[in-house]
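Overview (structure and organization)
Chain residues, written in single-letter form:
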Amino acid sequence: MPPIIENILSSKYGELFVRIVQVGLGVLFIYASLDKIWHPGLFAKSIANYRILPLPLLHISAIVLPWVELMCGVALVSNQYQRAALTILSGLLIVFILAIVSALIRGLDFNCGCFRMDSEESNMGFRKVLQNVGLLLSCALIEYRVWVVQPESRIKFTRSN
Amino acid sequence: MNQINKLIKDILILLIVSTLLGISAQAVLPNGIGLKTDITVVGDDSSAVAVPSVAINPNGEGETTSNISLQNAYTAYRNASAIFFDARSPEEFDSGHIKHAINLPVSAFLDSLPYLETLDFNKHTITYCDGEDCNASIDLAADLKMMGFSKVNFFFGGWLEWQDAGYPVERSP
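This is a predicted model, so every value here is computed, not measured.

Rules of the game
- Residues numbered from 1 in each chain as written.
- Chains lettered and ligands numbered in written order.
- Predicted model: local features only at pLDDT ≥ 70, side-chain atom pairs only at ≥ 80, totals over all residues.
- Heavy atoms only, no water.
- Helix = DSSP H or I, 4+ residues; strand = E, 2+ residues; numbered from the N terminus.
- Buried < 20%, exposed > 50% of the residue type's maximum accessible area, 1.4 Å probe, protein only.
- Contact = heavy atoms within 4.5 Å.
- Areas by Shrake-Rupley, 256 points an atom, 1.4 Å probe, with all protein chains shown as cover.
- Buried area = accessible area lost by both parts, 1.4 Å probe.
- Salt bridge = Lys/Arg side-chain N within 4 Å of Asp/Glu carboxyl O.
- Pairing = 2+ DSSP bridges.
- Core = buried A, V, L, I, M, F, W, Y, C linked by side-chain atoms within 4.5 Å.
- Disulfide = S-S within 2.5 Å.
- Phe/Tyr/Trp six-rings, centres within 6.5 Å; stacked < 30°, edge-to-face > 60°.
- Lys NZ or Arg CZ within 6 Å of the ring centre and 35° of its normal.
- Axes fitted to C-alpha atoms, helices over the stretch in contact; angles between N-to-C directions.
- Parallel < 35°, antiparallel > 145°, perpendicular 65-115°, else oblique.
- Left-handed = near helix turned anticlockwise from the far one by under 90°.
- Nonpolar A, V, L, I, M, F, W, Y, C, P; charged D, E, K, R; others polar.

Re the overall build of chain A
The secondary structure content of chain A amounts to six helices and zero strands. Each helix and strand of chain A, ordered N terminal to C terminal, gives the series α-α-α-α-α-α. The burial tally for chain A puts 52% of its 161 residues in the buried class. In chain A, of all internal contacts separated by at least 6 residues, the share reaching a separation of at least 24 is 70%. Surface accessibility of chain A: about 7,700 Å² in total, with carbon and sulfur atoms responsible for 69%.

Focus: the interface of chain B and chain A
Frequently, the measure chosen for interface size is the accessible area that the parts lose on association. Taken together, the contact between chain B and chain A spans 43 residues of the former and 37 residues of the latter. Buried area between chain B and chain A, summed over both chains or domains, comes out near 3,300 Å², and the portion from carbon and sulfur atoms is 69%. Ranking the residues of chain B by area buried against chain A places Leu14, Thr37 and Ser107 of chain B at the top, with a combined share of 17%. Ionic pairing is found between Lys45 of chain A and Asp143 of chain B, a salt bridge with its closest N-O pair at 3.8 Å.

What about the sheet that holds strand β4 (residues 82-86) of chain B?
Residues and elements named next belong to chain B. Spatial strand order, β3-β8-β7-β4-β6: five strands in an open sheet with parallel pairing. The open sheet has two free edges, formed respectively by β3 (66-67) and β6 (102-103), since each of these has just one partner strand. Here three bridges tie strand β7 (residues 124-128) to strand β8 (residues 152-154), and the two strands are oriented parallel to one another. The residue of β8 that forms the bridge with Ile126 is Asn153.

Concerning the nonpolar core
Membership of the largest hydrophobic core comes to 36 residues, with the highest contact counts inside it found for Leu25, Cys72, Ile88, Leu89 and Ile142 of chain A together with Leu14 of chain B. Those elements giving two or more residues to this core turn out to be α2 (12-38), α3 (40-50), α4 (58-78), α5 (82-105) and α6 (126-149) of chain A together with α1 (2-28) of chain B. Take this core: its biggest share by element is nine residues, from α4 of chain A. Setting aside residues up to four positions removed in sequence, Leu14 of chain B forms contacts with Met71, Cys72, Tyr81, Ala84, Ala85 and Ile88 of chain A.

What about the state of the cysteines?
All names here are of chain A. According to the stated counting rule, one finds zero disulfides over all chains in the structure shown. Between Cys72, a free cysteine, and Cys139, which holds the nearest cysteine sulfur, the sulfur-to-sulfur gap is 9.1 Å. Residue Cys72 is classed as buried on the basis of its relative accessible area of 1%.

Quick look at the packing of aromatic side chains
Summed over the entire model, instances satisfying the criterion amount to 10 aromatic pairs over all chains. The interplanar angle of 70° and the centroid separation of 6.3 Å between the aromatic rings of Phe155 of chain B and Trp162 of chain B together place this pair among those described as edge-to-face. Side by side, Phe155 of chain B and Trp162 of chain B carry an identical accessibility label, which is buried. Chaining the aromatic ring pairs together yields one cluster made of Tyr74, Tyr77, Phe84, Phe155, Trp162 and Tyr167 of chain B. We note Lys12 of chain A situated over the ring of Tyr13 of chain A; from NZ or CZ to the ring centre the distance is 5.9 Å.

Considerations on the packing of α4 of chain A against α5 of chain A
All names here are of chain A. As a packed pair, α4 and α5 sit with axes 9 Å apart at the nearest point and diverge in direction by 140°. Classed by the angle they form, the pair α4 and α5 counts as oblique. In this structure, α4 crosses over α5, and the sense of that crossing is left-handed. Across from Leu65, Val68, Glu69, Cys72, Ala75 and Leu76 in α4, the residues of α5 making contact are Gln82, Ala85, Leu86, Ile88, Leu89, Leu92 and Phe96. Its residues placed into classes, the contact of α4 with α5 shows 11 nonpolar, one polar and one charged.

Any link to function would need more than the numbers given here.
What follows is the structure, given as structure tokens:
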């Protein structure tokens, strides 16, 4: 990473920017989890459409995944368990990207089950890959800030007196 | 090293709490599902396939849709007693489909709501896609059922079985 980026990220404004990205990401994952939590059957159906997961793991995945998203989202917003949440979400996003790409390659066409279970805009497409790559890059930005630029502590709001 | 250990510990805490909350929630949610994946076998003996029950009845309540055999589908066609919905893409539909069928890809379901609302919800509806390798007919049947259509079947043998039987087909101009 060029020094100028590190300087920007370690500045007050860089810190504020990363914090905003972190809260935004947290809110997005909380939003993404709610419809799945409310409709576990529909979410299980969405997962089944990918035809990747063995059937015995279908229900347990549909039950646990949305809650993982919710807990990680809350962790990011509240700034608690931040590194763990970022690591989990990065792993999940990589899995989501691979699953969507694999479905696109196989010509499967269905609602991706990304945000809403009944939304037309959730249809499978390359846009969904880009969306998830964008989220992954946001995670990477925050992780870089947390692990490299300011490894000694979590990001904290600094209030000027 | 301490940081890595703490990270692993925190990840485990988040995952365990999420799992416990997820499992507990199923007892409270109106549409909760069990931990074990329920399987439904669809299709005739020759083309029977195991699919997760949530694919047919995602909300786990009310009447479910069911498979209809080639013979019964043809009888419904001959008596003009059912509407056939082709769940495949417009390109596949144009290259050949069951005669008088209506193209309704699952991905275009919401766009089609205004049209679907003009239909008789008591009319028998039959969905199909390519055949046993696709689930679009099951998905579409579940959607139609949830929308309120009273008698919905998916014809799992699909386009391939219909075509092989030499029953009436047509191409889009």
